[in-house]
Amino acid sequence: RERETLLAEETARLRAEYDTRTAELLGTHEKFSSETAKREAELNDRVATARVEIENDRIKSKRQREALEKEHASAAEMLALEAEHEKSSALAAALRERDAAHADALRDRDAEHAGAMAARERDTAALHAQTLGAREDAHNSVLSELQNKHKSDLAYLKETCRSELASAVEAQAVEHER
């Protein structure tokens, strides 16, 4: 009877230890989930900021292109007026060269802006993919560690209970034989 009382107390102690460890594991999991959500929000903020910057750059590029087109249109009008006033072919040739250079500069500038925008979009997409991949790897690693620790703790508790039960049964058998 005394052995049964000891066995019941030990079982209760082991159950309390198991419950405590389980609560600790759940607390760690909740903390990790909270940190993951916080990191995800930070990443979303960074992505949103990058998108706003890209959109601002697009708007700026469009305004610059429109201003250059207006300048180009103005230059073309000026060329036409000067060509009418000045019948000199040398002057007309020089103005056409200037207009062509201006059009080339406009195309070059548009190409630069398009290239810069494409590079920024690629960089943003790569950063986003890299950050999400790193977050997922970290989450999987921590989750795997928690699962392995939980399995190990559970196996330990089961083995401890089995050995104590076997000891108690053996002791009971020895006591019964007396």
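Definitions and cut-offs
Residues numbered from 1 in each chain as written. Predicted model: local features only at pLDDT ≥ 70, side-chain atom pairs only at ≥ 80, totals over all residues. Heavy atoms only, no water. Helix = DSSP H or I, 4+ residues; strand = E, 2+ residues; numbered from the N terminus. Rg over C-alpha atoms; globule rule 2.2 N^0.38 Å. Lys, Arg positive; Asp, Glu negative; His and termini not counted. Charge placed at Lys NZ, Arg CZ, Asp CG, Glu CD. Salt bridge = Lys/Arg side-chain N within 4 Å of Asp/Glu carboxyl O. Buried < 20%, exposed > 50% of the residue type's maximum accessible area, 1.4 Å probe, protein only. 1 Å grid on protein atoms, 1.4 Å probe; cavity = no way out; pocket = protein on both sides within 12 Å on 5 of 7 lines; lining within 4 Å. Points joined across faces, edges and corners; volume = space filled by probe spheres on them. Contact = heavy atoms within 4.5 Å.

Description of the overall build of the protein chain
Part 1: A tally of regular secondary structure across the protein chain gives two helices and zero strands.
Part 2: Relative to a compact globule of 178 residues, whose C-alpha radius of gyration would be 16 Å, the protein chain shows 38 Å and is clearly more extended.
Part 3: Expressed as lengths along the three principal axes of its C-alpha atoms, the size of the protein chain is roughly 135 × 20 × 10 Å.
Part 4: A gap of 1 Å separates the mean positions of the 29 positive and 39 negative side-chain charges of the protein chain.

Quick notes on the pattern of salt bridges
Part 1: One pass over the structure, following the stated rule, counts 12 salt bridges.
Part 2: Here D110 makes a salt bridge to R65, at a shortest N to O gap of 3.4 Å. Of this pair, D110 sits in helix α2 (residues 89-177) while R65 sits in helix α1 (residues 2-85), and the two are 45 residues apart along the sequence.
Part 3: On the basis of relative accessibility, which here comes to 32%, the residue R65 falls in the partly exposed class.
Part 4: Between D153 and K149 there is a salt bridge, with the nearest N and O atoms lying 3.2 Å from each other. In this pair, D153 and K149 are both assigned in helix α2, four residues apart and thus about one turn of the helix distant.
Part 5: You can call D153 buried: its relative accessible area is 13%.
Part 6: Judged by its relative accessible area of 43%, K149 falls in the partly exposed class.
Part 7: Each of E10, R13, E17 and R21 takes part in one network of salt bridges that share partners.

A word on the layout of surface pockets
Part 1: Put simply, the largest pocket is a space of about 190 Å³.
Part 2: Lining the largest pocket, in full, are L7, E10, T11, L14, R15, Y18, L154, L157, K158, C161, E164 and L165.
Part 3: Secondary structure elements with two or more residues in the lining of the largest pocket: α1 and α2.

As for empty space enclosed by the protein
Part 1: Under the definition given, this model contains two cavities of 30 Å³ or more.
Part 2: In this structure, the largest cavity occupies an estimated 50 Å³ of space.
Part 3: Lining the largest cavity, in full, are L43, R46, V47, L127, H128, T131 and L132.
Part 4: Considering each element in turn, the lining of the largest cavity owes the most residues, four residues, to α2.
Part 5: Its boundaries defined by the atoms lining it, the second largest cavity holds a volume of some 40 Å³.
Part 6: The wall of the second largest cavity is formed by Y18, R21, T22, L25, H150, D153, L154 and L157.

Some remarks on the environment of E77
Part 1: Considering the arrangement of structural elements, one finds E77 in helix α1.
Part 2: In this structure the C-alpha to C-alpha distance between E77 and T20, which are 57 residues apart in sequence, comes to 85 Å.

Digging into the environment of L146
Part 1: Here L146 lies in helix α2.
Part 2: Other than its neighbours up to four places away in sequence, L146 contacts L25, T28 and H29.

A closer look at the side chain of T36
Part 1: With respect to the element layout, T36 can be found in helix α1.
Part 2: Not counting chain neighbours up to four residues away, the residues in contact with T36 comprise R135 and H139.

Everything listed here is a matter of geometry and, on its own, says nothing about what the molecule does.
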